[in-house]
Amino acid sequence: MPAYVVMGAQWGDEGKGKIVDVLAEEMDFVVRFQGGANAGHTVIHGDTKYVTHLIPSGIISGNSINIIGNGCVVNPTALYEEMEKLRQQGITISPDKFIVSSAAHMVLPIHQYLDRVLNEKIGTTVRGIGPAYTDKVQRTGIRWERACDGSSEEAYREHLDFVEKVYAIVEKEEIKVLRNDIPELVKTVERLKPFVQDVRPLLAQAVKENSKILFEGAQGTFLDIDHGTYPFVTSSNTSIGGAYTGSGVFLNFDKRVAIVKSYTTRVGEGPFPTELFDETGETLRRNGNEYGATTGRPRRCGWLDLALLKQSCIINGFNYIVFSKVSCLSGFETLKVAVDYASDGSPVYQELPGWEEDILGYTDYDALPENCRRYIEFVEDFLGVSIGIVSTGPDRDHIIERHPIFIS
Ligand code: IMP
């Protein structure tokens, strides 16, 4: 059974959307298993740019069934707006092609409010992700099944009563506004009801029938609630374990694909050993257009951190790497990669010679400058995982496929 999982190996924004899109075209199922509208996946088809936050990227090619698993947190209004936007771009979204697990949790306006007032020091996306997962773990969350059994209005009212009691931080006036907004929320959820079901039997059947399945990770390994740079993390398991808890099926993933950006970026607060605060960091940001797809925030930029990536390979068992945004590294005289950390935590660098040539859109590995190939092969040797694809630009065709990604 051809089963793939694609995950970000660093702090997110590695360029998963493009590879997922290429894979998704051939899949029967594409599954999101964690996170919510904090993610932003950009897919470019010709002149058209699509940005998805919640809906699996497979919806764009339209060939697969796209599932939001139980491990996700889904804001009804954000979902509805995303669907409308994609429809305006000509994408068909129907209940036979897009399904939300009835066991996924809802993100409500109160969660967004709490995220704003409680989580400032993390630098979150303010999409209410942390507070929604808090409610899930606290067992006070609202699952999408409440949309199906018609009890969502009652659930929202009870939930606000609970929040009012527990969080002195929430202003009375805010609760009043949120209560008044409940009918509108119920209306939105009603519209989404046809898309909600228990997805576990469907996925179990898909596995049994040897369907082609792709699990699409969001964010990156070091934003994982357990394995990331806690507390500067997101609130879900972004690493491989999340694929299982967030979907409800066991799959022996044939391809465990790491998307590795050829340098490092991070949004929000938290440790970042190879961060650059100088002109070099600025150049990386400019070359890579490093601004958040969800929030527009400038991303922090730095050298590639192989010591960190080694850990990522251990956590996820990667057996295939997509090395992205290599074309953004042209023009540096030398490139540094962190291979270890000193006792004070600062990175130990190895320097590699850079290259001048613009390699945007290259599709032939042998045509790459020698130093570019040396950089790629150094990374591959260090991590002990083969770099199957080198991505040389934003377009779908800007790809060098060194080893086939599809299982024949
Ligand atoms: P939250 O997921 O909104 O709670 O944010 C927690 C941390 O994860 C913050 O540092 C965010 O910037 C970061 N984060 C969340 N989603 C993404 C993403 O898709 N890409 C990169 N960083 C993200």
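Since we're looking at a predicted model, the values are computed, not measured.

Considering the site of the ligand
Thinking step 1. Taken together, 15 residues form the shell around the ligand, and within it Asp13, Asn38, Thr125, Thr234 and Arg297 come nearest.
Thinking step 2. Here a nitrogen atom of the ligand sits 3.3 Å away from a polar atom, N or O, in the side chain of Gln219.
Thinking step 3. A distance of 2.9 Å separates an oxygen atom of the ligand from a polar side-chain atom of Arg297.
Thinking step 4. Protein contact buries 96% of the 470 Å² of open area that the ligand shows by itself.
Thinking step 5. Split by residue class, the shell around the ligand holds six nonpolar, seven polar and two charged.
Thinking step 6. Both of domain 1 (3–245) and domain 2 (260–401) provide at least three residues apiece to the shell around the ligand.

Concerning empty space enclosed by the protein
Thinking step 1. Taken as a whole, this structure holds one cavity of 30 Å³ or more when the rule is applied.
Thinking step 2. Roughly 90 Å³ of volume is contained in the largest cavity.
Thinking step 3. If you tally residues by element for the lining of the largest cavity, the top one is helix H7 (residues 152–166), at three residues.
Thinking step 4. A per-class count over the lining of the largest cavity returns eight nonpolar, one polar and one charged.

Topic: the sheet that holds strand S16 (residues 334–341)
Backbone hydrogen bonds hold the strands of a sheet together, and the pairing may be parallel or antiparallel.
Thinking step 1. Spatially, the three strands line up as an open sheet ordered S14-S16-S17, and their pairing is mixed. What marks the edges here is a single partner per strand, and that holds for strand S14 (304–305) and strand S17 (347–353).
Thinking step 2. Inspection of the sheet shows S16 paired to S17 by seven bridges, in the antiparallel sense. Across the sheet, the residue bridging to Ala338 is Tyr349, located in S17.
Thinking step 3. Packing of helix H13 (residues 306–316) onto the sheet brings it into contact with S14 and S16, and relative to S16 it is tilted by some 55°.

Looking at the sheet that holds strand S1 (residues 3–8)
Thinking step 1. Here ten strands make up an open sheet; going across it, the order is S9-S7-S5-S2-S10-S1-S11-S15-S18-S19 and the pairing mixed. Looking at which strands have only one partner, the edges of the open sheet turn out to be strand S9 (196–197) and strand S19 (399–401).
Thinking step 2. Across the sheet, helix H10 (residues 200–208) is in contact with strand S2 (29–32), strand S5 (65–68), strand S7 (98–101) and strand S10 (213–220); its angle to S2 comes to roughly 135°.

Cut-offs and rules
- Residues numbered from 1 in each chain as written.
- Predicted model: local features only at pLDDT ≥ 70, side-chain atom pairs only at ≥ 80, totals over all residues.
- Heavy atoms only, no water.
- Near = heavy atom within 4 Å.
- Polar contact = N/O pair within 3.5 Å; in protein donor to acceptor, adjacent residues only side chain to side chain.
- Areas by Shrake-Rupley, 256 points an atom, 1.4 Å probe, with all protein chains shown as cover.
- Nonpolar A, V, L, I, M, F, W, Y, C, P; charged D, E, K, R; others polar.
- Domains from an automatic or database assignment.
- 1 Å grid on protein atoms, 1.4 Å probe; cavity = no way out; pocket = protein on both sides within 12 Å on 5 of 7 lines; lining within 4 Å.
- Points joined across faces, edges and corners; volume = space filled by probe spheres on them.
- Helix = DSSP H or I, 4+ residues; strand = E, 2+ residues; numbered from the N terminus.
- Pairing = 2+ DSSP bridges.
- Contact = heavy atoms within 4.5 Å.
- Axes fitted to C-alpha atoms, helices over the stretch in contact; angles between N-to-C directions.

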